[in-house]
Amino acid sequence: MSSATPSPVPSSAHGHHKRHSILPAVSQSGPKPPVQFSSSCTIADSALLTGPHTIIVSTESVIHPRARLESLGGRVTVGRRCIVHERACLGAADLQGRYHKGSPDKEGRSMGAVTLGDYVTVEVGAQVESGGTVIGEGTTVGIGTRVGAGAVVGKHCTLTANSTVAAGEVIPDYTVIYSNGLRRIDRRGVSELKNKAQARQIDVLRRMIPSNPGKFQ
Amino acid sequence: MSRRPPRGEYIETDTGNKVARKATLVGTQNIMLGGKTVIQPDVMIRGDLARTIPPAQSASGGPANNTAVAIGRYCFLSRGCCLRPPGRMYKGVFTFMPLRLGDHVFVGPGTVVQAAQIGNHVHIGGKVVIGEFAIIKDYVKVLDGSVVPPNMVIPSFSIVAGQPARIIGEIPEGGIEAFELRDLYKTVGNNPQPTAP
């Protein structure tokens, strides 16, 4: 090897250190959004944040690797102690590829793209479309579920895997959507316990997922 | 003028694993591959979600086994699928538990697996969701789009489908040859072989 030039190590070259993960480079397309992170939130390095509007992540929330937060349709707000799993997308385009803007509320303030309440779980590959979409406290959005633009999901709902909520739909509190669209009301009264379990899970995840909020600021 | 030979789409290991460069493996130190396993592009395996509390009755003296995802031989993980260990509350603390796949397990594209255990010779279709702590025994076929609920136990030789998944049939006698994945293994990689006629 010539000693004149320091040998350039391509970023893709790997070898000298023991690798703990193979994570292909994340393509950071589009503008870097303004962010407001709580100091206690956990955001994985390979999460994807795009869009021109503000992205807010509140206290003790966890954003898994490869989760997408897109603020192309407006502000994205993640409440306290939320978990956004890998490949989930907040502020997604609808099936036609359009990013909806939320209609302003009575005082004329913008509703933003997506608002998650506290203790919300968004599972693997779920899509929450932009356009004033609200997910209430303690609600679980199941694996691969799509919540349409402007839908308002109540508190402590369970949207099971691969279900859909139509655009603009209003789901009352404690609703369970299951089996391809059937609905019932959850009367178990375990929402307090679920919130406690969520806090425990976050305690564990915070130790497991290396957080790198500085990358997005 | 690269010193190394042109890089193929896959990394092929000594034990015959074919891992796509575009696969996302998080926490590789906790992922065990049995050999001859194919991992296609855009597959995600969450090895970082290892168990936080040690197993109750561990063999004394043995090194701490912290495997989060164990995969057997001749498994085939199709494009876009995701394997992640299941997690739950146990004795007042939240912990993840290991996810174990047997041999000759096919996982279809876009499928999410959060099972506790999957046996040998299991075919899981595309866009399937396997709920947390489900147990799938040997020679099971899960049809496309099924949603296997959490904690479901699927007995051997079953065919399951639906949302939520139910047992809709049995594997016919002589139908177990179709679960063999050796030929499929040869058709991918950096030097793919044509399928046998």
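Residues numbered from 1 in each chain as written. Chains lettered and ligands numbered in written order. Predicted model: local features only at pLDDT ≥ 70, side-chain atom pairs only at ≥ 80, totals over all residues. Heavy atoms only, no water.

Colleague: Can you tell me about the overall build of chain B, naming the residues and giving the values?
Modeller: In terms of regular secondary structure, chain B is built from one helix and 23 strands. Here the C-alpha atoms of chain B give a radius of gyration of 17 Å, agreeing with the 16 Å that 2.2 N^0.38 yields for 197 residues. The principal-axis extent of the C-alpha atoms belonging to chain B is close to 60 × 45 × 30 Å. Classification of the 197 residues of chain B by burial places 50% in the buried group. Long-range contacts, defined as pairs at least 24 residues apart, comprise 40% of the intrachain contacts of chain B with a sequence gap of at least 6. Roughly 9,600 Å² of accessible area belongs to chain B as shown, and the carbon and sulfur atoms make up 53% of that amount. Averaging the locations of the 21 positively and 14 negatively charged side chains of chain B gives two centres separated by 9 Å. (Helix = DSSP H or I, 4+ residues; strand = E, 2+ residues; numbered from the N terminus. Rg over C-alpha atoms; globule rule 2.2 N^0.38 Å. Buried < 20%, exposed > 50% of the residue type's maximum accessible area, 1.4 Å probe, protein only. Contact = heavy atoms within 4.5 Å. Areas by Shrake-Rupley, 256 points an atom, 1.4 Å probe, with all protein chains shown as cover. Lys, Arg positive; Asp, Glu negative; His and termini not counted. Charge placed at Lys NZ, Arg CZ, Asp CG, Glu CD.)

Colleague: Describe the interface of chain A and chain B, listing the residues and the values that go with them.
Modeller: Opposite the 31 residues of chain A that make contact, chain B presents 38 residues. Both faces combined, the contact of chain A with chain B buries some 2,600 Å², and carbon together with sulfur accounts for 57% of it. Of all residues in chain A, the largest losses of buried area upon contact with chain B belong to Ile 22, Arg 87 and Met 208 of chain A, amounting jointly to 22% of the total for that side. Viewed at the interface, chain B and chain A are joined by two salt bridges. Here Glu 86 of chain A makes a salt bridge to Arg 46 of chain B, at a shortest N to O gap of 2.7 Å. Counting across the chain A and chain B interface gives nine residue pairs in polar contact (both at pLDDT 80 or more). Class assignment for the residues of the side of chain A that touches chain B results in 14 nonpolar, 11 polar and six charged. (Buried area = accessible area lost by both parts, 1.4 Å probe. Salt bridge = Lys/Arg side-chain N within 4 Å of Asp/Glu carboxyl O. Polar contact = N/O pair within 3.5 Å; in protein donor to acceptor, adjacent residues only side chain to side chain. Nonpolar A, V, L, I, M, F, W, Y, C, P; charged D, E, K, R; others polar.)

Colleague: So what's going on with the sheet that holds strand 12 (residues 99–101) of chain B? Residues and values would help.
Modeller: Residue and element names in this part refer to chain B. Pairing is parallel across the open sheet formed by six strands, whose spatial order is 4-7-12-15-18-21. Edge positions in the sheet fall to strand 4 (31–33) and strand 21 (153–154), since each has one partner strand and no second. Alignment of strand 4 against strand 7 (residues 69–71), held across three bridges, turns out to be parallel. Bridge pairing in strand 7 places Ile 31 opposite Val 69. (Pairing = 2+ DSSP bridges.)

Colleague: Tell me about the state of the cysteines, and please be specific about residues and values.
Modeller: One pass over the structure, following the stated rule, counts zero disulfides over all chains. Cys 81 of chain B takes part in no disulfide bond, and the closest cysteine sulfur, belonging to Cys 82 of chain B, lies 7.5 Å away. (Disulfide = S-S within 2.5 Å.)

Colleague: How would you sum up the environment of Thr 54 of chain A? Please name residues and give values.
Modeller: Residues and elements named next belong to chain A. Along the chain, Thr 54 turns up in the loop between strand 3 (48–50) and strand 4 (55–57). For the pair formed by Thr 54 and Gly 74, sequence separation is 20 residues and the distance between their alpha carbons is 7.5 Å. Leaving out residues up to four positions away in the same chain, Thr 54 has contacts with Pro 34, Gln 36, Ser 71, Arg 75 and Val 76.

Colleague: Run through the confidence of the model for chain B, naming residues and quoting values.
Modeller: With 91% of its residues at a pLDDT of at least 70, chain B reaches an overall mean of 90. Interface confidence in the predicted complex, given as ipTM, is 0.88; pTM for the same model is 0.88. (pLDDT = per-residue confidence, 0-100.)

Colleague: Would you mind going over the pairing of strand 9 (residues 89–92) of chain A in detail, with residue names and values included?
Modeller: All names here are of chain A. Relative to strand 9, strand 6 (residues 68–70) runs parallel, the two being bridged by two bridges. Bridging across to strand 9, Leu 69 finds its partner in Leu 90. Across three bridges, the pairing between strand 9 and strand 12 (residues 127–129) is parallel. Bridging across to strand 12, Cys 89 finds its partner in Gln 127.

Colleague: How would you sum up the pattern of salt bridges? Please name residues and give values.
Modeller: All names here are of chain A. Tallying each qualifying case throughout the model produces 13 salt bridges over all chains. A salt bridge links Asp 94 to Arg 98; its shortest N-O distance comes to 3.5 Å. With a shortest N-O distance of 3.0 Å, Asp 186 and Arg 188 are connected by a salt bridge. Using a relative accessible area of 8% as the deciding quantity, one classes Asp 186 as buried.

Colleague: Run through helix 1 (residues 191–208) of chain A, naming residues and quoting values.
Modeller: The first and last C-alpha atoms of helix 1 of chain A sit 25 Å apart over 18 residues, in line with the 26 Å expected at 1.5 Å per residue. Those residues of helix 1 of chain A lying buried are Ser 191, Asn 195, Gln 198, Ala 199, Gln 201, Ile 202, Val 204, Leu 205 and Met 208 of chain A. For helix 1 of chain A, the elements touching its buried residues are strand 5 (62–63), strand 8 (83–84) and strand 11 (121–122) of chain A together with strand 11 (93–96) of chain B. (Expected span 1.5 Å × (residues − 1).)

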